[in-house]
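Given next are the chains, with one letter for each unit.
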Amino acid sequence: MEKKDELEQLTAHIKRLERLAEDIRGRDIYPVAFFSEAFDVTNRMQALLHRMEVSELALFERQMKEHEAQIRTLGLLWEPETLPSDKPAPEPPSDPAPLPQELPPPPATERPAAPGPLPSTPPPPARGTGKQEERLNETIEKNRLADLRKAFTLNDRFRFCRDLFGKDEDLMSRTLAELNVKDSCESSIAYLREQFNWDFEDGTVAEFVAVLEKRFS
C-alpha cells in the first residue's frame, strides 16, 4: 500500500469517528453499538499507524545502510599507489663475442648515489566495522524512543492502555505527550507517581517504566 493510500484510509477512519460522535451528541445515554464500532475503528487506526511507523523505520534503516555502503565503497575504491616493479636484467648472450686481448681501462665515472628511502604511502581509510553497525542500531532505537507515542508495539500499546490506563486511549496519549517533554527518567517516574496510584512493583508497570529508562540511557 502506497503512502497516499495509507493517509486516505487514515483520514476515512477519522471522519468515521467524527460521524459516530455527531450521532450521539446530545443524548443522555450512549448506545452500546457506539462503543463497539468506535473501538473497532480505533483499532483499525492503530493497526494502520503501526504499519506506517514500521514502514518509516525500515526506510530510515535502509537509508542508513545505503549511506554506510557508500562509505565502504569509497574505502574500497582507494588503492595506494604501487611502485613500478624492477624490470629483470637482460640475460647475457649465449655466445658472447671474444674481447680483444688488451682493452684500455674504462674511464672513471662517479658511482650513482644510492636511492633514498621510498616515501611511505598513507594507510587506506578504515572500513566499516561492527561498531558502525552498533551505532546504526542505536540511532534507529533512539529515533523510535524519541516520541513515546510511537515507542510501543501495537500489542504493548493495547496491553498498557487496558491494564494501566483503564482502556482510556486519550488518557494514555496525554500521559505519553507529557512524558515526552520530561528531561530525565527520574522526573518521568515522579510524574507517574503523582498522577497514578500504580503498584510500581507490578510486572506491567515495570515494563512501562523500563521503556522510560531505556529512553534516557
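Since this is a predicted model, take the numbers as computed values, not measurements. (Residues numbered from 1 in each chain as written. Predicted model: local features only at pLDDT ≥ 70, side-chain atom pairs only at ≥ 80, totals over all residues. Heavy atoms only, no water.)

Visitor: Run through the pattern of salt bridges, naming residues and quoting values.
Guide: On inspection of all chains with the given rule, the structure shows 10 salt bridges. Taking the shortest distance from any N to any O, the salt bridge between Arg157 and Glu169 comes out at 2.9 Å. Separated by 12 residues along the polypeptide, Arg157 in helix H4 (residues 154–163) and Glu169 in helix H5 (residues 169–180) bring together distant segments of the chain. Notably, a salt bridge pairs Asp163 with Arg162, separated by 2.8 Å at the nearest N-O pair. Asp163 sits in the partly exposed class, given a relative accessible area of 40%. By relative accessible area, which is 47% here, Arg162 ends up partly exposed. In the salt-bridge network here, residues are joined through shared partners; they are Asp156, Arg159 and Glu207. (Salt bridge = Lys/Arg side-chain N within 4 Å of Asp/Glu carboxyl O. Helix = DSSP H or I, 4+ residues; strand = E, 2+ residues; numbered from the N terminus. Buried < 20%, exposed > 50% of the residue type's maximum accessible area, 1.4 Å probe, protein only.)

Visitor: Can you lay out the nonpolar core for me, pointing to particular residues and giving the numbers?
Guide: In terms of nonpolar packing, the biggest core is built from 23 residues, with Leu179, Leu192, Trp198 and Phe208 touching the most fellow members. Looking at this core, the elements with two or more residues in it are H4, H5, helix H6 (185–195) and helix H7 (203–215). No other element matches H7, which puts five residues into this core. Beyond its immediate sequence surroundings of up to four residues, Leu192 is in contact with Thr175, Leu179, Trp198, Phe200, Phe208 and Leu212. Leu10, Val41, Met45 and Leu48 belong to the second largest nonpolar core, which has five residues in total. (Core = buried A, V, L, I, M, F, W, Y, C linked by side-chain atoms within 4.5 Å. Contact = heavy atoms within 4.5 Å.)

Visitor: Let's hear about the packing of H6 against H7: which residues, and what values?
Guide: At a closest axis distance of 9 Å, the pairing of H6 and H7 adopts a crossing angle of 150°. As judged from the angle between their axes, H6 and H7 are roughly antiparallel. Here H6 runs over H7; the crossing is right-handed. Listed contacts from H7 to Cys185, Ser188, Ile189 and Leu192 of H6 are Phe208, Val209, Leu212 and Glu213. Among the residues forming the contact of H6 with H7, the class breakdown is six nonpolar, one polar and one charged. (Axes fitted to C-alpha atoms, helices over the stretch in contact; angles between N-to-C directions. Parallel < 35°, antiparallel > 145°, perpendicular 65-115°, else oblique. Left-handed = near helix turned anticlockwise from the far one by under 90°. Nonpolar A, V, L, I, M, F, W, Y, C, P; charged D, E, K, R; others polar.)

Visitor: Could you give an account of the confidence of the model for the chain, naming the residues involved and the relevant values?
Guide: Per-residue confidence for the chain gives a mean pLDDT of 77; residues scoring 70 or more make up 67%. Mean pLDDT values for the elements of the chain range from 62 in helix H3 (residues 130–145) up to 93 in H6. (pLDDT = per-residue confidence, 0-100.)

Visitor: Can you explain the packing of aromatic side chains? Please cite residues and give values.
Guide: Under the definition given, this model contains 12 aromatic pairs. Between the aromatic rings of Phe152 and Phe160, the centroid separation amounts to 5.3 Å while the plane-to-plane angle is 75°, which identifies the pairing as edge-to-face. Three or more aromatic residues joined by ring pairs make a cluster, and in this case those are Phe152, Phe160, Phe165, Phe196, Trp198, Phe200 and Phe208. (Phe/Tyr/Trp six-rings, centres within 6.5 Å; stacked < 30°, edge-to-face > 60°.)

Visitor: An account of the environment of Ala21 is needed here, citing residue identities and associated values.
Guide: Following the sequence through the fold, Ala21 ends up in helix H1 (residues 3–23). Classification of Ala21 as partly exposed rests on a relative accessible area of 33%. Sequence separation between Ala21 and Phe34 is 13 residues, and the spatial gap between their C-alpha atoms is 8.3 Å.

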